[in-house]
Amino acid sequence: MAADLSIKRNGGYVVRAVLSGILLLLAAAGLIFLLTRLIPGRILLWIAGGVLLALLLLIAGVWFFCPFDPERALREQGDGVLDELDRKLLRMALSEHVGQQELDAFLADWDIEAAPIKSVLLVAYLMKTRPELHFPAAITPRLTGVLSFCRYQNLKREAHFCKLGTALRERSIPFLILKGGAMKVYRPDFPRWMSDIDVLVPAADYDRATRTALDLGYGDPMPTDHSMDLRLPGSDEGLLDIHKHLEMFTGKEEALNDGLFARAMDRRLFSIQGLLPCPEDMVFIALVNLYKNLAKNQTQESSLTTFFDLKYLISLKEDFNTEIVLEDARVSGGAFEVLFASKLAESVVPGLFPAGWMGKMEIPGKAFKKHFIDYLFKRDVLARSRDAFAGTKVGAAAQKDWSLPVFMWVALVAAVKKISGWAPLQYAIWRLRRSFR
């Protein structure tokens, strides 16, 4: 993420960004000067040329002798989202034909104490959506407790959403509820694991909307290039996230806004009036959000509910218009994100989408391969490096504010991303990192 430097109150970030860039250039120039003092220039050029040649040979060797297999990589990604036990459980939860005998056979081999929270959530969702099935008394309180916790957390965030929404309405700022919050409006009785409630406002009103939130007493954390998360001062608990566009890594996300607002429905959102995306736009949002969570290797619990959301939204309308999803993908440059997330979801739960869905979403194989490698590089190289960086002092500071050292790090990362945008290089790095893990 990058700080949104277009907003006037973030002028301090502009100064630090410029200073960090200058310092980074000075450090690089100093390193080059030091090397030329220690090593004769001709020898230094030979060394640089040798290193570059070795790197190119390595890239060529990996690219040609270990070819990338998209279908195999896709299966591996599906296995990474859910193991076979959870996959079986998810299919049971989404099936209308699972019986008591099948449930009993599953629970006989399932240990709730050893299971991760995402697995416990799946069983809880199954219990919630299939009341005719009987669950053992030994695990029912734990499952009920998980659902109650979700419900309590949701109610707290809904109250903050209504507080913000009321203030936005008073200032004539239109707002549209997104993601999990929107699904709570669609399915109020379905408990969800939500880290916050997302709100979209027109890009032209984004600065006014964030200032409105600050006037209400919410903290002022680091703003990003697409949204600002709102917390109570002194708290690390996420409550709301105001967006000026979706985060999709394409640079064309803002082009979506007109269509999203035009097709949105005026609805009661908990206790205030606001805009709710139509089912087709919700499917698009769910798919690109699944892709983002997978690419960043985050929020597995939220990713699980995506399967329930997709099944519900697609079956909500007999005349579900796939063309709207395709148009969203076209204007936002998100064709790969939608196709990849669709393929992965279908690999986990076959039959999730209508017949012919994938055929309409297809993009050329070469382009799909290039985007897929970029996805793997972001997920397994950049995201893991991000997590390692977050464990350092500078990384911890970056979660709260952007100091000069943090800006220097971000500038360095941005430069590395630019250099590593070549698919063969990305694939070689990903393959080698995977081999040594």
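Residues numbered from 1 in each chain as written. Predicted model: local features only at pLDDT ≥ 70, side-chain atom pairs only at ≥ 80, totals over all residues. Heavy atoms only, no water.

1. Some details on the pairing of strand S2 (residues 197–200)
In the case of a regular strand, side chains alternate between the two sheet surfaces. Convention followed: Per-residue accessibility, obtained with a 1.4 Å probe over protein chains only, is compared with the maximum for each type, and a residue is labelled buried under 20%, exposed over 50%, and partly exposed between these values. Working definition: helices are DSSP H or I runs of at least four residues, strands are E runs of at least two. Numbering for both runs from the N terminus. At least two bridges found by DSSP between two strands is the condition for calling them paired.
Neither face of S2 is exposed, since Ile197 and Val199 on one face and Asp198 and Leu200 on the opposite face are all buried. Bridge count between strand S1 (residues 176–178) and S2: 3 bridges; the pairing is antiparallel. Counterpart to Ile177 in the pairing with S2 is Val199. Looking at chain direction, S2 and strand S4 (residues 240–243) are connected through 4 bridges and run parallel. Considered in S4, the bridge of Val199 is made with Ile242.

2. Some points on the packing of aromatic side chains
Note the cut-off: Aromatic pairing here means that ring centres of Phe, Tyr or Trp (its six-membered ring) are within 6.5 Å. Orientation follows from the plane angle: under 30 degrees is stacked, over 60 is edge-to-face, and everything else is tilted. Lysine NZ or arginine CZ positioned within 6 Å of the ring centre and within 35 degrees of the ring normal marks a charge as sitting over the ring.
Under the criterion given, the structure shown has 21 aromatic pairs. Ring plane angle 25 degrees and centroid distance 4.8 Å describe the contact between Tyr125 and Phe190, whose orientation is recorded as stacked. Placement of Tyr125 in helix H6 (residues 117–129) and of Phe190 in the loop between helix H8 (179–186) and S2 is noted, with a sequence separation of 65 residues between them. For Tyr125, a relative accessible area of 1% puts it in the buried group. Sitting over the ring of Phe368, Lys343 keeps its end group 5.9 Å from the ring centre.

3. Some details on the pattern of salt bridges
As a reminder, the rule being used: By definition, a salt bridge exists where a carboxyl oxygen of Asp or Glu is found within 4 Å of a side-chain nitrogen of Lys or Arg.
In the structure shown here, the tally under the stated rule is 18 salt bridges. Residue Glu237 is joined to Arg157 by a salt bridge in which the shortest nitrogen-to-oxygen separation is 3.6 Å. Taken together, the positions of Glu237 in the loop between strand S3 (227–230) and S4 and Arg157 in helix H7 (residues 140–170) put the pair 80 residues apart, joining distant regions of the chain. The buried category is assigned to Arg157, whose relative accessible area is 4%. Here Lys292 makes a salt bridge to Glu247, at a shortest N to O gap of 3.7 Å. With Lys292 in helix H11 (residues 279–295) and Glu247 in the loop between S4 and helix H10 (257–263), the pair connects residues that are 45 residues apart, well separated along the chain.

Geometric values such as these leave the question of function open.
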